[in-house]
Amino acid sequence: MTAASLICFIVASVAAGIVTTSSWTYQDQKHWSPQCQEGRLQSPVALSLGVAKEKEFHHFRLSGYGRVVPAVLKNNGHSAEVRLNISQNERPEISGGGLSGIYQLDHLHFHWQSEHVMEDYRFPLELHLVHYAKDTGSLANAINLPGGVAVFAVMFELSPDDDEEFEPLLTIIEKLQTSVGTPMALQHLVVKHFLPRDLAGFYRYEGSLTTPDCNEGILWTIFTNTIPISANQVKIFEEMQTDHHEVLRKNYRSLQPLNGREVSVKISPIRSSAKTTAASSVLLLTIIILTFSNV
Ligand SMILES: [Zn+2]
């Protein structure tokens, strides 16, 4: 192949969306790039009320998350990725919640099972909403700046019923299972449907990207309230394939040590997770029994 035809091949491959993945795999985490092995502020981590310090944060201010926007979905060989098909100045923005300044949404992607664990519990699905500091202009500019990137993580909990808001997205993800790199359009996406209704409770710590090159200085916000999803819906993610046509059964990075890092938690007055509800029911029952046994 001559140099000119090689360039033509590369250009054609990029245009066709073929050269979109790098060579790392989830089975090969021990050989990820040096920062992933040597970094001291890596993600994900195990979260619990035991390790976190309670802290007051201002409320988040969200703008543009409730708008109906067109999006483009892709199987990038490591995850299902969702990008909003809108101009930069229309992108949803967050501020408050202990963030310094305004952050714009770059994209969303999913991990099955969850990367972060809470109280030793690994959820079936974790959504990452990746934001960059607005004044940096792009994720590429922000990625190496401390606090340049802020990721929101949303946990999904198994429910007997399908989540209807999820269906249009899942219909497309199902079509992308064996098709790495090919973008498909979704006409109507409301990002807010993929956030818990109550954003008041969350963990906050400084960590890294959870994929190579594991860049540090990332501000993590992991909401304590969850979104329901059915086992059948999770299965659609679990049947995604890599660019080598292997089933991507799990795409989470193993837990990383805290190395003395501070983890903060803001406790929401509304706790909706099934585990908390179950714990409250037991507590209520105990109070009732004690009350009656004293009569
Ligand atoms: Zn992620």
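Located above this text is the structure these notes cover.
Residues numbered from 1 in each chain as written. Predicted model: local features only at pLDDT ≥ 70, side-chain atom pairs only at ≥ 80, totals over all residues. Heavy atoms only, no water.

Below, the discussion takes up the coordination of the zinc ion. The reference angle at a metal is 109.5 degrees if four donors form a tetrahedron and 90 or 180 degrees if six donors form an octahedron. The coordination sphere of the zinc ion, as far as protein atoms go, consists of His109 (NE2), His111 (NE2) and His128 (ND1), spread over 2.0 to 2.1 Å. All donor residues of the zinc ion come from one chain, and their arrangement in sequence is H-x1-H-x16-H. Residue class for histidine 109 comes out buried when judged on its relative accessible area of 14%. Residue classification places histidine 111 among the buried residues on the basis of a relative accessible area of 1%. (Donors = N, O, S within 2.8 Å, 3.2 Å for Na, K, Ca; no water. Buried < 20%, exposed > 50% of the residue type's maximum accessible area, 1.4 Å probe, protein only.)

A word on the environment of methionine 118. Following the sequence through the fold, methionine 118 ends up in strand E8 (residues 117-118). Along the backbone, methionine 118 and alanine 46 are 72 residues apart, and their C-alpha atoms lie at a distance of 6.2 Å. (Helix = DSSP H or I, 4+ residues; strand = E, 2+ residues; numbered from the N terminus.)

Bringing the sheet that holds strand E1 (residues 46-47) into the picture now. Reading across from one edge, E1-E8-E9 is the order of the 3 strands in this open sheet, with mixed pairing throughout. In this open sheet, the two strands that pair with only one neighbour each are E1 and strand E9 (121-122). Here E8 pairs with E9 via 2 bridges, running antiparallel. Bridge pairing in E9 links methionine 118 to tyrosine 121. (Pairing = 2+ DSSP bridges.)

Let's shift gears to the layout of surface pockets. The calculated volume of the second largest pocket comes to roughly 440 Å³. Considered class by class, the residues forming the lining of the second largest pocket number 7 nonpolar, 4 polar and 5 charged. (1 Å grid on protein atoms, 1.4 Å probe; cavity = no way out; pocket = protein on both sides within 12 Å on 5 of 7 lines; lining within 4 Å. Points joined across faces, edges and corners; volume = space filled by probe spheres on them. Nonpolar A, V, L, I, M, F, W, Y, C, P; charged D, E, K, R; others polar.)

What follows concerns the state of the cysteines. Under the defined criterion, the tally for this structure stands at 1 disulfide. Disulfide pairing places cysteine 36 opposite cysteine 214 at an S-S distance of 2.0 Å. Here cysteine 36 and cysteine 214 share a disulfide; its torsion about the S-S bond, 95 degrees, makes the bridge right-handed. Here the residue cysteine 36 occupies a position in helix H2 (residues 34-38), and cysteine 214 occupies one in the loop between strand E13 (202-208) and strand E14 (216-223), the gap between them amounting to 178 residues. (Disulfide = S-S within 2.5 Å.)

Bringing a negative patch on the surface into the picture now. A cluster of acidic residues, Asp161, Asp162, Glu164, Glu165, Glu167 and Glu174, forms a negative patch on the protein surface. Following the sequence through the fold, glutamate 164 ends up in the loop between strand E11 (149-158) and helix H4 (167-175). (Patch = residues over 30% accessible without salt bridge, like charges linked within 9 Å, V, L, I, M, F, W, Y side chains within 5 Å. Areas by Shrake-Rupley, 256 points an atom, 1.4 Å probe, with all protein chains shown as cover. Salt bridge = Lys/Arg side-chain N within 4 Å of Asp/Glu carboxyl O. Lys, Arg positive; Asp, Glu negative; His and termini not counted. Charge placed at Lys NZ, Arg CZ, Asp CG, Glu CD.)

Oppositely charged side chains may form a pair once their charged atoms are brought near each other. Per the counting criterion, the structure on display carries 6 salt bridges. When the shortest N-O distance is used, the salt bridge between arginine 83 and glutamate 81 registers 3.0 Å. Judged by relative accessible area, which is 35%, arginine 83 ranks as partly exposed. Glutamate 81 gets classed as buried once you look at its relative accessible area, which sits at 11%. Between glutamate 239 and lysine 235 there is a salt bridge; the shortest N-O distance is 4.0 Å. Overall, glutamate 239 belongs to the partly exposed group, its relative accessible area being 33%. One network of salt bridges, with partners in common, ties together Glu81, Arg83, Arg91 and Asp106.

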